[in-house]
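Reading the structure
So the chains spell out like this:
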Amino acid sequence: MEAPGGLEALRCRRRRLCLSSPGAGSPSAGGGGGSALPWGRLSAWLECVCAVTFDLELGQAVELVYPPDYTLTEKEKTSICYLSFPDSYSGSLGDTQFSFRFRQSGGQRNAVDGDDFDYNREAAVSLQRDPAHYFGYVFFRQVKDSSVKRGYFQKSLVLVSRLPYVNLFQALLQLIAPEYFDKLDPCLEAVCSEIDQWPPPVPGQTLNLPVMGVVIQVRIPSRLDKPGSSPAKPQNQENLLPAPLVLPSIHELDLFRCFQPVLIHLQALWELLLLGEPLVVMAPSPAASSEMVLALTSCLAPLKFCCDFRPYFTIHDSEFKEYTTRTQAPPSVVLGVTNPFFIKTLQHWPHILRLGDLKMAGDLPKQVKVKKLAKLKTLDAKPGLYTSYKTFLHKDKTLIKQLLKGIHKKQPSDAQSALLRRHLLELTQSFIIPLEHYMASLMPLQRAITPWKNPPQIRPFQQEDFLKTLEHAGPQLTCVLKGDWVGLYRRFFRSPNFDGWYRQRHREMMQKLEALHLEAISEANIRAWVKDKSEVEVVDLVLKLQEKLVRARCHRLPVKEEVLHRVGLYIATIIGSLPEDLQAVLGPQ
């Protein structure tokens, strides 16, 4: 007897199943960070390295891309050119470092392969690779040079990566950029060859990364790390000569230094970021702009910031018209800008944070109260937060007191930053824990999962039902802050951050359901079930089980290998009991 739709239909269904299995259609790069490919290990860390110079006829121009065979689109080159130099005139000489982020153009160049999938699954959510954006890390040098027509040497070295490892890449630039400016191309080739020998970034591991006679030691944070815990102590230092340059964190900024001028607004800024509100940071330099934007977007950890953000944005950016148009509401994005022209073009944005020149005095900079947007009309507008936003929660005055106490006791900046980070972490956790508890309650009970029926559905998220739980299980259990928590949740439900959080949690729960269903199947008596079933039903069962195995491996479901092995044996046993023509179609392809 033939399978449903005939043997040919069955063969077609099997072919589709095979094509969807992991690794189908392309050779695997293997587990060594793609080391079998040219520059495979380099690409685990960097997309490319660019040198940008000032040309008298062309203006800013990319003079070098390394590796030489890496292809950037013209739009990407233009973005890198303009984002690698200060946007407004700066007479200051010397070196400056900053970072930017820009959209990839021309489609997804590198599909997320198995290595990327594994990395993103294990990495802290804020450190996942973004398939749609690049980060650029810049070392810009401007010095007097009489041999150049303009009288100045102006050049940037840029590391382009999908990884938000700002501390690591800026430390790397401090080593290689001065050397490159002196020795040019051969130096860059040697550095890229060294990086091409690095092990891939694996979350949870401490790595020793040799470059230019220095060993940089870093730990790649993992999703399993306890939020707020101290980084693991460096390892095996005694075996390394020279002693390694140890980075305490690959990505965490000095929050206290960044937020010193705006501590009085920290509560309001946290809410604006949580709600995905459009925010402009007007800063005196690309370094101040990019640091503040990256510090702000880190405030929501361990919640992922799901909106767009541009640590440094210029008037030449391809999205300039999109962001400055007055015909529609500003998008959910945090923009860091330095050009005074933006004061006029972004007047209609609802929240503007204007920074002054940071003076590292012994005391806190003067804290300026919230100002009305109407006052931000002139170029000499004073620093401050310009907004009409009213916070849902009351200010935490104890935090400011603790920080002032630390200043008077001459506490180091990293201790003050740790205090700030812990405060923001506890605030975010107090907000997110009730949501996590309610979401977990929507999961079907394990006893409702049976082998011969599709697993039950996850119940829908009902906002009003969730809000009713707050009276007995709300943020007030873990947070001393008073205020309109319900109003804050209602606004949060309309934000990209809620949408991103919900989609991720729902996806994880669906995968858990699939894993539990596979476990139930592996423990069932399949022979007894098959005994009184027709050939059509048995073939259908085989195809469904094969599809489940493919999905489990493709999506790396949280299921033990022994469970998958047992289900595979069941499939082989059932196929062995079928006629030979069906065995030929259903067996291994």
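Residues numbered from 1 in each chain as written. Predicted model: local features only at pLDDT ≥ 70, side-chain atom pairs only at ≥ 80, totals over all residues. Heavy atoms only, no water.

Observations concerning the overall build of the protein chain
Within the protein chain, the secondary structure is distributed over 19 helices and 13 strands. For the protein chain, buried positions account for 47% of its 589 residues. Nonlocal contacts in the protein chain, meaning residues at least 24 apart in sequence, comprise 74% of its contacts between residues at least 6 apart. Carbon and sulfur atoms provide 54% of the accessible area of the protein chain, an area that totals close to 29300 Å². (Helix = DSSP H or I, 4+ residues; strand = E, 2+ residues; numbered from the N terminus. Buried < 20%, exposed > 50% of the residue type's maximum accessible area, 1.4 Å probe, protein only. Contact = heavy atoms within 4.5 Å. Areas by Shrake-Rupley, 256 points an atom, 1.4 Å probe, with all protein chains shown as cover.)

A word on the nonpolar core
Nonpolar side chains in soluble globular proteins tend to end up buried together. Counting 113 residues, the largest nonpolar core has Trp45 and Phe259 as the members making the most contacts within it. Top element by residues in this core is helix H4 (residues 166-183). It accounts for 10 residues. Judged by nonpolar contacts, the second largest core, of 24 residues, contains Val530, Leu541, Ile574 and Leu586. (Core = buried A, V, L, I, M, F, W, Y, C linked by side-chain atoms within 4.5 Å.)

A word on the environment of Leu64
Here Leu64 lies in strand S2 (residues 59-66). Apart from the residues lying within four places of it in its own chain, the contact partners of Leu64 are Val49, Cys50, Ala51, Tyr180, Asp185 and Leu188.

Quick look at the packing of aromatic side chains
A ring pair, where both rings are aromatic, is described by two values, the distance of the centres and the angle of the planes. Enumeration over the complete set of coordinates arrives at 36 aromatic pairs. For the pair Phe139 and Phe181, a centre-to-centre distance of 6.0 Å together with 55 degrees between the ring planes defines the contact as tilted. Taken together, the positions of Phe139 in strand S4 (residues 133-144) and Phe181 in helix H4 put the pair 42 residues apart, joining distant regions of the chain. With respect to class, Phe139 is no different from Phe181; both count as buried. Ring centres 5.1 Å apart and planes at 75 degrees place the aromatic pair Phe466 and Tyr489 in the edge-to-face group. Pair noted here: Phe466 is in helix H13 (residues 463-473) and Tyr489 is in helix H14 (residues 485-492), with a separation of 23 residues, a long-range link. Accessibility assignment for this pair places Phe466 and Tyr489 in one class, buried. (Phe/Tyr/Trp six-rings, centres within 6.5 Å; stacked < 30°, edge-to-face > 60°.)

Considering the side chain of Glu319
Inspection of the secondary structure puts Glu319 in the loop between strand S10 (308-310) and helix H9 (320-324). Of the residues examined, Glu319 reaches a relative accessible area of 5% and is grouped as buried. If near-sequence neighbours (up to four positions away) are discounted, Glu319 is found in contact with Arg103, Arg310 and Phe313.

Some remarks on the sheet that holds strand S11 (residues 333-337)
What the five strands build is an open sheet, ordered S10-S11-S9-S12-S13; its pairing is mixed. Each edge of the open sheet carries a strand with a single partner, namely S10 and strand S13 (384-387). Strand-to-strand twist across the sheet, computed as the mean angle between neighbouring axes with direction ignored, equals 15 degrees. Where S10 meets S11, three bridges bridge the pair, whose relative direction is parallel. When the bridges of S11 are listed, Arg310 appears paired with Leu335. Where helix H8 (residues 286-297) meets the sheet, its contacts fall on strand S9 (279-282), S10, S11 and strand S12 (351-354), and the angle it forms with S11 comes to roughly 160 degrees. (Pairing = 2+ DSSP bridges. Axes fitted to C-alpha atoms, helices over the stretch in contact; angles between N-to-C directions.)

Re the sheet that holds strand S6 (residues 206-211)
Strands pair in a sheet through their backbones, by hydrogen bonds, and they do so in one of two ways: parallel or antiparallel. The strand order S6-S7-S8 describes an open sheet built from three strands, whose pairing is mixed. What marks the edges here is a single partner per strand, and that holds for S6 and strand S8 (245-246). Each of S6 and strand S7 (214-219) is contacted by H4, which is oriented at about 175 degrees to S7, the strand it contacts most.

Side note on the pattern of salt bridges
Taken as a whole, this structure holds 27 salt bridges when the rule is applied. The closest approach of N and O atoms between Arg121 and Glu122, which form a salt bridge, is 3.2 Å. For Glu122, a relative accessible area of 30% puts it in the partly exposed group. Measuring nitrogen to oxygen at the nearest pair gives 3.1 Å for the salt bridge that ties Glu277 to Arg491. Taken together, the positions of Glu277 in the loop between helix H7 (266-274) and S9 and Arg491 in helix H14 put the pair 214 residues apart, joining distant regions of the chain. Overall, Glu277 belongs to the buried group, its relative accessible area being 19%. Here Arg491 falls in the partly exposed class, since its relative accessible area comes to 25%. (Salt bridge = Lys/Arg side-chain N within 4 Å of Asp/Glu carboxyl O.)

Some remarks on the confidence of the model for the protein chain
Averaged over all residues, the pLDDT of the protein chain is 85; the fraction at 70 or higher stands at 85%. Confidence, read as mean pLDDT per element, is least for helix H1 (residues 6-19) in the protein chain (55) and greatest for H14 (98). Confidence drops under pLDDT 50 across residues 22-35; counting only partners more than four residues distant or on other chains, this segment forms 23 contacts. (pLDDT = per-residue confidence, 0-100.)

Concerning unusual backbone geometry
Backbone torsion omega between Tyr66 and Pro67 reads 0 degrees, so that peptide bond is classified as cis. The residue after Ala301, namely Pro302, is reached through a cis peptide bond having omega 10 degrees. The residue Pro302 is located in the loop between H8 and S10 in this model. Non-glycine residue Lys410 carries a positive phi angle of around 55 degrees. As for its position among the elements, Lys410 is in the loop between helix H11 (397-408) and helix H12 (413-441). Its identity as a non-glycine residue notwithstanding, Arg556 has a phi of 45 degrees, on the positive side. You can see Arg556 is positioned in the loop between helix H17 (535-554) and helix H18 (561-576). Exposure remark for Arg556: the relative accessible area of 24% places this residue in the partly exposed category.

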